[in-house]
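Here is how the chains run, residue by residue.
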Amino acid sequence: MKKRIGGLLLTALLVVSSSVSALACTATIVGKNMSEDGTTFIARTEDIGGGHTKRYLVQPAVQYAKGATFLDRNTGFTYPQPENAYKYTYVPDADVEGDGIYGEIGFNEFGVFVDATVSAQPNESAETADPFVTDGFREANIVSILLPRVKTAREGVELLASIVEEKGSAEGNILVIGDSNETWYIEIYTGHRYAAIKVPDDACMLFPNCFMLGDVNLEDTENVIASKDLITFAQQNQFYKEHEGKFHAALSYAEELSEGNRQRLWGGQNFLAPSQKVSYNKKVFDLFITPDEKVSLEDIMELQKYRYEGTELDANLPENADVREIGTERQAECHILQIKPEYPSELGGIMWLAMGNAEHSVYLPTYGNITNTHPAYQNTSLNYSPDSAYWVFRSVATLAELNREKFGASVREYWTEYQNELIANQKEIDKKVLELYAQDPQKAAEYTTKQGIDIADTAIKNAKILYEELMTYVATEGGRPNKQPFIPSIAQN
């Protein structure tokens, strides 16, 4: 009964916080030459809303009968199923019947990953010339269509391109497709126009909900896959634009930069490269930036929590209530893929997944070759449930953010120290995984699956302790306010 009352209060708080949300995400790519440890990072926050249940699942390999078809019940989009669909991981919505799967992020059995998507909008002229297709390809289906069908990143980009050309796109999107050899950044502008570039190893990129590509060399087929008429179509329909004397895809196809996107670009680029003192009023933000220092895993975790603290746009200040921060309470989940050069291709990489918003949650690691996830990741409850990993972590964050100084500071500190220990332990786990993989890939999968479940189990138990103690602490504030800030008992062990 006590948990039920707490759950109702929490759900009410989340409904209020979600009612003002915009569907938006912020993503980051760091090439291996720009990272501290020589790995490639792909990261994104899914800012769909505070009360939006997410799961983390493994879809086993499936054999389909000839003529079987994938169907999006919400739009009527169809696509032929492959005879042999590959196994993959994904992070779908719980309410699949509501609006679709939204698999968002995952690895398949060949180590291909898809991160989809960051929503973006074309300008009116571009959309009028090439309208979106009502029953076209959309974010809800991208992971579910691509990962079961491709063995390499390039195959994934080529398949995506063919679908957009033949079936059309239902919306503007930015996504990332990669494997152990290469990473591709893709922008889908309108119903049938798109551009993809192979990401250089020395790249560092941050992109909110706006198209960012500049000049696109259509002759460079090794590093570019794009609509053949990307440039001429813009010229013919009179929305072609240049920047510094060259065609600029984003200026041509994209809507005008919004304040929310400008704030995240300004904040994120200054976070990564403070010495450059990027101007807030910059006319065109570059997609590629050079960070002041090599970027670490911990840096990206902090970037996904960043609320422009200490700047004139500090989102924690009352006067900045309308500022669109990167570390928003509307994050349903945040993830960071870590692709290490020493991993076999089929192993994929590590996904660090934080359920709820990153600021007061914890990133937990799993490998791309796992065969199952913790049962709490599979829970479909749309309301608060102590049996759902999403709700367990989200509940702590929701209470912590009622007062970041008094309630949340020690929660954030606890989880940061906790995940730092996980990062330190990962070196030994990597060593064990690679040894097992060399002997038998199946044994390696059994080991990584157990590791992922065990790590999640311990973190979930600790999150429940945090929630119970913090809920009690917050409740006592209604009578005589606590003199000391909240300190969890497990932080003192």
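Numbers given to residues run from 1 along each chain, matching the order in which its sequence is written. It should be noted that, the model being predicted, local features are given only for residues of pLDDT at least 70 and side-chain atom pairs only at 80 or more, the latter also being counted only at that level, while totals for whole chains, interfaces and linings use all residues. For side-chain calculations, the full set of non-hydrogen atoms in the structure is used, while hydrogens and water are omitted.

A short note on the overall build of the protein
In terms of regular secondary structure, the protein is built from 12 helices and 20 strands. What the globule rule says is 2.2 Å times the number of residues to the power 0.38, and the radius of gyration is computed from C-alpha atoms. Since a compact globule built from 493 residues should have a radius of gyration of about 23 Å, the 22 Å found for the protein is in line with a globular shape. Projected onto its principal axes, the C-alpha positions of the protein cover 70 × 55 × 45 Å. When contacts within the protein are restricted to residue pairs at least 6 apart in sequence, those whose partners lie at least 24 apart make up 69%. Surface accessibility in these figures is a Shrake-Rupley result with a 1.4 Å probe; residues are shielded only by whichever protein chains are displayed. Looking at the protein as shown, the accessible area adds up to about 20,600 Å², and 49% of this sits on carbon and sulfur atoms. Where helices and strands are cited, they refer to DSSP runs of H or I of at least four residues and of E of at least two residues respectively, numbered from the N terminus. Contacts were defined at the residue level, with two residues in contact if any of their heavy atoms lie within 4.5 Å.

Points about the packing of aromatic side chains
Aromatic rings from Phe, Tyr and Trp, with only the six-membered ring used for Trp, were paired whenever their centres fell within 6.5 Å, and each pair was classed as stacked if the ring planes differed by under 30 degrees, edge-to-face if by over 60, and tilted otherwise. Across all of its chains, the model carries 25 aromatic pairs by this definition. A centroid spacing of 5.5 Å and a plane angle of 25° characterise the contact between Y240 and F247, whose relative ring orientation is stacked. Put simply, the rings of Y189, F211, F233, F239 and Y253 touch in pairs and so form one group of aromatic residues. The side chain of K167 reaches across the aromatic face of F77, ending 5.5 Å from its centre. By definition, being over a ring means that NZ of Lys or CZ of Arg is both within 6 Å of the ring centre and within 35 degrees of the ring normal. Over the aromatic face of F233 sits the side chain of R193, whose NZ or CZ is 3.7 Å from the ring centroid.

A word on the sheet that holds strand β19 (residues 350-355)
Spatially, the 6 strands line up as an open sheet ordered β14-β1-β2-β18-β19-β20, and their pairing is antiparallel. Looking at strand neighbours, the two that pair on one side only are β14 (204-207) and β20 (364-367), the edges of this open sheet. Between one strand axis and the next, the sheet turns by 15° as a mean value, whatever way the strands run. One bridge is not enough; two strands pair if DSSP finds at least two bridges between them. In the sheet, strand β1 (residues 24-30) pairs with strand β2 (residues 40-47) via 7 bridges, with the strands oriented antiparallel. Here the axes come from fitting lines to C-alpha atoms, over the contacting stretch only for helices, and the angles between their N-to-C directions go from 0 to 180 degrees.

Some remarks on a negative patch on the surface
The patches reported here contain residues having more than 30% relative accessible area and no salt bridge. Joining distances are 9 Å for like charges and 5 Å for nonpolar side chains (Val, Leu, Ile, Met, Phe, Trp, Tyr). Here a salt bridge means any side-chain nitrogen of Lys or Arg lying within 4 Å of a carboxyl oxygen belonging to Asp or Glu. Charge counting follows a simple rule: Lys and Arg are positive, Asp and Glu are negative, and His as well as the terminal groups are ignored. Charge positions are represented by NZ for Lys, CZ for Arg, CG for Asp and CD for Glu. Judged by side-chain charge, E36, D37, D292, E293, E298 and E342 come together as a negatively charged surface patch. Along the polypeptide, E342 turns up in the loop between β18 (333-339) and β19. Relative accessible area decides the class of each residue, using a 1.4 Å probe on protein chains only: under 20% of the type maximum gives buried, over 50% gives exposed, and in between gives partly exposed. A relative accessible area of 46% places E342 in the partly exposed class.

What about the sheet that holds strand β13 (residues 194-198)?
Reading across the sheet, the 6 strands line up as β9-β10-β11-β12-β13-β15 and stay open at both edges, with antiparallel pairing between neighbours. Taken across any chain shown, the strands that pair with only one partner, and hence form the sheet edges, are β9 (105-107) and β15 (224-226). Here the strands of the sheet are splayed against their neighbours by 15° on average, with no regard to which way each runs. Bridge count for β9 against strand β10 (residues 113-119) is 3 bridges, and the pairing is antiparallel. Bridged to F107 within β10 is F113.

Considering helix α4 (residues 139-146)
Every α-helical turn comprises 3.6 residues, leaving residues that sit three or four positions apart pointing alike. Counting buried positions over the 8 residues of α4 gives 8, a clear majority of the element. By the burial criterion, the buried members of α4 are E139, A140, N141, I142, V143, S144, I145 and L146.

What about helix α8 (residues 259-272)?
Multiplying 1.5 Å by the residue count of a helix minus one yields the expected span of that helix. Along its 14 residues, α8 runs 20 Å from first to last C-alpha, staying within 8% of the 20 Å computed at 1.5 Å per residue. Counting buried residues in α8 gives 12 out of 14 residues, a clear majority hidden from the surface. Those residues of α8 that are buried are in contact with β1, β14 and α9 (297-303).

Considerations on the confidence of the model for the protein
Within the protein, residue pLDDT values average 94, and 95% of them lie at 70 or more. Confidence scores here are pLDDT values: one per residue, from the predictor, ranging 0 to 100. Note that residues 1-22 has pLDDT below 50 and, in this model, 29 contacts with residues that lie over four places away or in other chains.

Some details on the nonpolar core
By size, the foremost hydrophobic cluster in this structure holds 115 residues, and its most contacted members are Y185, F207, L364, F393 and W415. With 11 residues, the single largest contributor to this core is helix α12 (residues 441-476). When sequence neighbours within four positions are dropped, the list of residues in contact with L364 reads M351, W352, L353, Y377, F393, Y418, L422, I455, A456 and A459. Residues enter a nonpolar core if they are buried and are Ala, Val, Leu, Ile, Met, Phe, Trp, Tyr or Cys, with the set joined through side-chain atoms within 4.5 Å. Among the nonpolar cores identified, the runner-up in size contains 31 residues, and Y88, L147, V150 and L159 belong to it.

Observations concerning the packing of helix α10 (residues 389-400) against α12
Closest axis-to-axis distance for the α10/α12 pair is 9 Å, and the angle between their directions is 35°. For α10 against α12, the interelement crossing comes out left-handed. From α10, A389, V392, F393, S395, V396, L399 and A400 reach across to α12, where they touch A459, I460, A463, K464, L466, Y467, L470 and M471. Here the contact of α10 with α12 is composed, by residue class, of 13 nonpolar, 1 polar and 1 charged. Two helices that cross are described as forming a left-handed crossing if the nearer one is turned anticlockwise from the farther one by less than a right angle, and a right-handed crossing if clockwise. Residue classes follow a fixed rule: Ala, Val, Leu, Ile, Met, Phe, Trp, Tyr, Cys and Pro count as nonpolar, while Asp, Glu, Lys and Arg count as charged, and any other residue, Gly among them, counts as polar.

Describing the pairing of β2
Burial within β2 is extensive, with 8 of its 8 residues counted as buried. A two-sided burial pattern is seen for β2, the buried positions comprising T40, I42, R44 and E46 on one face and F41, A43, T45 and D47 on the other. Note that β2 and β18 share 7 bridges and pair antiparallel. Residue pairing in the sheet places E46 in a bridge with E333 of β18.

A word on the side chain of E401
Checked against the element boundaries, E401 lands in the loop between α10 and α11 (404-439). At 4.3 Å, R394 is the nearest oppositely charged side chain to E401, a buried residue that forms no salt bridge. Setting aside its immediate chain neighbours within four residues, E401 contacts E329, N357, E359, H360 and R394.

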